[in-house]
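# Reading the structure
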Amino acid sequence: MRKAFVRLLTSTALALSSAVGIGGGSAVADPWSPAATDIVGVGGHSSAALLNRLSQDYNAFLAGNGDTTSPRLYSWDAVGSSPIVPKSGAAAIARPTGAESGLRALMNTTSATVDFARVERRPLAYAGDNPGSNFVALAKDAVSWAAKGTGHAPASLTTAQLKGIYECSIVNWRQIDPALPDARIKPLLPTSDSATRRFFMTAIGSGTEVMAGACVTVSPQVEDQGVGAEFDDDDALVPYSVGHYIGQVYKGHGSATDSPGPLTVRSVNGIAPVDTSAGTISGAFVATAFGKVMSNAVRRSDWDATDAHAAALKGIFGIQGWICASGAGAIADYGFLPLPKYACGSVTHL
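All of these numbers come straight from a predicted model, not from anything done at the bench.

## As for the packing of aromatic side chains
Under the definition given, this model contains seven aromatic pairs. With 6.3 Å between their ring centres and 40° between their planes, Phe 61 and Trp 322 make a pair best called tilted. Placement of the pair is Phe 61 in helix H1 (residues 48-64) and Trp 322 in helix H9 (residues 322-326), with a sequence separation of 261 residues. Lying over the aromatic face of Phe 199, Lys 292 brings its terminal NZ or CZ to 5.4 Å of the ring centre.

## Focus: the pairing of strand S4 (residues 133-148)
The element S4 is extensively covered by neighbouring structure, given that 15 of its 16 residues are classed as buried. Summarising the sheet, S4 and strand S12 (residues 291-299) pair through nine bridges and their orientation is antiparallel. Paired with Ala 142 across the bridge in S12 is Gly 291. Judged from the five bridges that link them, S4 and strand S8 (residues 236-241) form a sheet pairing that is antiparallel.

## A look at the side chain of Asn 134
Relative to the helices and strands, Asn 134 is located in strand S4. In this structure Asn 134 comes out as buried when scored by relative accessible area, which is 3%. Polar side-chain contacts of Asn 134 include one of 3.3 Å to the side chain of Arg 300. Contacts of Asn 134, omitting those with residues within four sequence positions, involve Asn 296, Ala 297, Val 298, Arg 300, Trp 303, Asp 304, Val 347, Thr 348 and His 349.

## Quick notes on the pattern of salt bridges
One pass over the full model with this rule turns up 12 salt bridges. Of the charged contacts in the structure, one is a salt bridge between Arg 121 and Glu 100, with a shortest N-O distance of 2.9 Å. Of this pair, Arg 121 sits in the loop between strand S3 (116-118) and S4 while Glu 100 sits in helix H2 (residues 99-107); the two residues are 21 residues apart in sequence, bridging distant segments of the chain. Judged by its relative accessible area of 5%, Glu 100 is buried. Across the salt bridge formed by Glu 100 and Arg 198, the nearest N and O atoms sit 3.8 Å from each other. Placement of Glu 100 in helix H2 and of Arg 198 in helix H4 (residues 195-203) is noted, with a sequence separation of 98 residues between them. The same class applies to Glu 100 as to Arg 198, namely buried.

About the thresholds
- Residues numbered from 1 in each chain as written.
- Predicted model: local features only at pLDDT ≥ 70, side-chain atom pairs only at ≥ 80, totals over all residues.
- Heavy atoms only, no water.
- Phe/Tyr/Trp six-rings, centres within 6.5 Å; stacked < 30°, edge-to-face > 60°.
- Helix = DSSP H or I, 4+ residues; strand = E, 2+ residues; numbered from the N terminus.
- Lys NZ or Arg CZ within 6 Å of the ring centre and 35° of its normal.
- Buried < 20%, exposed > 50% of the residue type's maximum accessible area, 1.4 Å probe, protein only.
- Pairing = 2+ DSSP bridges.
- Polar contact = N/O pair within 3.5 Å; in protein donor to acceptor, adjacent residues only side chain to side chain.
- Contact = heavy atoms within 4.5 Å.
- Salt bridge = Lys/Arg side-chain N within 4 Å of Asp/Glu carboxyl O.

This is the structure:
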């Protein structure tokens, strides 16, 4: 189901029962379609809740200033019924279920349908990315691995050990440490649509994406969750967004369907991913190869234009835009690290 936020049409809020109220929560029904001129996104799961919150806050900011004409900001979740009609007058599309299908939806449509994609990574030189998209920096995250808190996995694995596990050359915990249980390791991955998967497999390959071996199971669950039965296994492990985990566990944004369940995030090379005293991503961990910049992708032609649509995109996502000026509190509240002023809103591309 899409999480949507009330579009305030005047300075007096118009409350609808199908919308999310201030403070977050799940919508009970899809609202009316965003206007054709609104800024609408699709894509990855890790930043979906954050974009919903930023949408809510941005729209409230406009309304609070009596602005009834500027485009509003909306974001469709990665899970829910399909197809969707992203905005008024658009053709129906299959709901993008992750960063990669979100990016494809962006590049295969126009601003009449989708304006940005939550890609949660940097551009990559592979077939899914092309020079026609700009990646606009949003926040800092990191990806680690998670396992059942009471299971057989150790507190830390090395980069080489993780690579061996996902290539299936390491298949038993005793290959890690003879003191560990004699049990077969069960590595899991999100689907190929996941930015968390692609980033993690590249990080454990020291810059080259590791191809999963035959022992790896692709989970039918969306990324960054542990609510499926396959995760309640003493020998399972799976990549996990550290920021999303912190948002779920430390910031109170988890739910029955968006939760780590029995999983806890673990260390890599002895470096803990979570600063438990501060309830934030560890500075030492985010400085490793497992730290990443989350982005929203836009069409370069849209961004470089001189029209009102380009102004709206830059006014929301750009270096001098609303998110970089006013979104740091929401970014931190959802478990991610705000970027420095010079980095937030910066653009990279192939």
